[in-house]
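What follows is the residue order along each chain.
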Amino acid sequence: MKPKSIKQRLHLIYLEDSPMDVAIVRDILEDEFELDFVSVATKKEFENQLTTSAGFDIILSDYELQGFDAREALGIAKSCCPDIPFICISGTIGEENAVELLRLGAVDYILKDRMARLVSSIKRAIQEEKEKKKLDFAQQEIKEQNKELLKAKQKAEESDRLKSVFLSNMSHEIRTPLNGILGFSELLVISNDFQKREKYASIIRESCQQLTQIIDSVLDISLIESNQIQLTKTDVDLQKTFSYVHTMLSPDFERKGIQLVQNDIPNTNYVLFTDERKLTQILLNLIKNGLKFTNEGYVEFGVDETEKSYVFYVRDTGIGIEDAERKVIFERFRQADEGSARNFGGAGLGLPISKSFVEILGGEIWFKSKPGKGSTFYFTIPKTQE
């Protein structure tokens, strides 16, 4: 015995004022579909069904109706549910009217003496609508992909531009100490004055230190870019680390006439298991950044404790950070203001390197700032690290 085929489910609304024609259409369709059939006879009923019911697969409509016709019904359908196929069924539609309906958006018209093709017409209309939705979805996906590609292209172009600016600034930063080394080396060779020779040697030494710092920063950022940063974790005595940082930076602060304040550690037995070099570098970078943008007042640094982490801070009385610049200060190859490389010096790598190191150590970094009143940078190091 041949198995009974599963009928396709069809949710249909039929706008028709003749009960006999409604019965005929229902009989024809019930043989082919699992039918959910809604019949309406007036414009009001039609509008109510379209606006309150959902999920119709097809709309059928007679041409001549009480007080209106299929063209108006089609307009209502396109307004309420433009994606539902509309088929006109009529005994006397006329070629001109049929063409007009198709032009307005109907998918087919069927003469009542040609009802044999109703089933195939409905199936074709539903299939075409499915294909149209698939095509629309694919086109929308392509549009979204194009948007993402455009964003990626713009980001890449911006990255290239920023790297070009960075290389230009870096060239300037490297030439400055190199010029000092070369120029004062020549003066050192030809001078017989002991005091001048001592001064020249000091300038050469400072220029070498500046150049070493720049090279170290470039090496750090290259390792970060290639995900090759290695951690060496040991027990770190924070008191010793703070003292070392203060000793290293005090001469720079004295030359600029800015006070460097090392706040007391709440517990002098603070010992943190982390990478000492990375922690020291973060503190040095943040404090140097504070010094660079502070013309009077002080820079202070310290640490607080929470249940799960140590919270380090570096506070300055400098120029602060404008609202428009807050989103970019941690970006690589970029300073908050690209002109700041000329106004304040520096390669603009300290904050991006610090952010990367903090995140590698499992912490977070953020800041608070008011333009003209200074900034405070915070970063955390977890107490428990893997």
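Placed above this text is the structure.
(A) Structural context of helix α7 (residues 238-256). Spanning 19 residues, α7 covers 27 Å between terminal C-alpha atoms, matching the ideal 27 Å at 1.5 Å per step. The axis of α7 is deflected most strongly, by about 40°, at L249, and proline P251 appears within four residues downstream. If you check which residues of α7 are buried, you get L238, T241, F242, V245, L249, S250 and F253. If you follow the buried residues of α7, they end up packed against β6 (233-237), β7 (259-262), β8 (271-275), α8 (276-292), β9 (298-305) and β10 (309-316). Put simply, D237 is the residue that caps the front of α7, since its side-chain oxygen is 2.9 Å from the backbone nitrogen of Q239. After α7 finishes, the residue G257 shows a positive phi value of roughly 75°.

(B) View of the sheet that holds strand β2 (residues 33-40). Spatially, β2-β1-β3-β4-β5 is the arrangement adopted by the five strands of the open sheet, whose pairing is parallel. Each edge of the sheet is formed by a strand with only one pairing partner; in this case those strands are β2 and β5 (108-111). Each strand of the sheet is rotated relative to its neighbour by a mean of 25°, with strand direction disregarded. Along the sheet, helix α1 (residues 19-30) makes contact with β1 (8-15), β2, β3 (58-62) and β4 (86-90), crossing β2 at roughly 165°.

(C) Highlighting the environment of S191. With respect to the helices, strands and loops of the structure, S191 is situated in the loop between α5 (118-190) and α6 (194-225). Within the structure, the side chain of S191 is placed 3.2 Å from the backbone nitrogen of D193, a separation counted as a polar contact.

(D) View of the sheet that holds β9. Pairing is mixed across the open sheet formed by five strands, whose spatial order is β7-β9-β10-β12-β11. Pairing within the sheet leaves two strands with one partner each, and these edge strands are β7 and β11 (365-370). Between one strand axis and the next, the sheet turns by 15° as a mean value, whatever way the strands run. Both β10 and strand β12 (residues 374-382) contribute to a ladder of seven bridges, which runs antiparallel. Along β12, the bridge assignment pairs R315 with T376. Against the sheet, α7 makes contact with β7, β9 and β10, and its axis sits at roughly 175° relative to β7, the strand it touches most.

(E) Representation of the pairing of β3 within the structure. Burial analysis of β3 places five of its five residues in the buried class, which makes it a mostly covered element. Residues I58, L60 and D62 point to one face of β3 and I59 and S61 to the other, with burial holding for every one of them. Across four bridges, β1 lies against β3 in parallel orientation. By the bridge assignment for β3, Y14 is matched with L60. With four bridges joining them, β3 and β4 adopt parallel strand pairing. Each residue of the ladder has a partner; that of S61, found in β4, is C88. Considered for its hand, the β-α-β crossover made up of β3, helix α3 (residues 70-80) and β4 is right-handed.

About the cut-offs
Residues numbered from 1 in each chain as written. Predicted model: local features only at pLDDT ≥ 70, side-chain atom pairs only at ≥ 80, totals over all residues. Heavy atoms only, no water. Helix = DSSP H or I, 4+ residues; strand = E, 2+ residues; numbered from the N terminus. Expected span 1.5 Å × (residues − 1). Bend = angle between axes of the 7 residues up to and from the residue. Buried < 20%, exposed > 50% of the residue type's maximum accessible area, 1.4 Å probe, protein only. Contact = heavy atoms within 4.5 Å. Polar contact = N/O pair within 3.5 Å; in protein donor to acceptor, adjacent residues only side chain to side chain. Pairing = 2+ DSSP bridges. Axes fitted to C-alpha atoms, helices over the stretch in contact; angles between N-to-C directions. Right-handed = clockwise from strand over helix to strand, strands pointing away.

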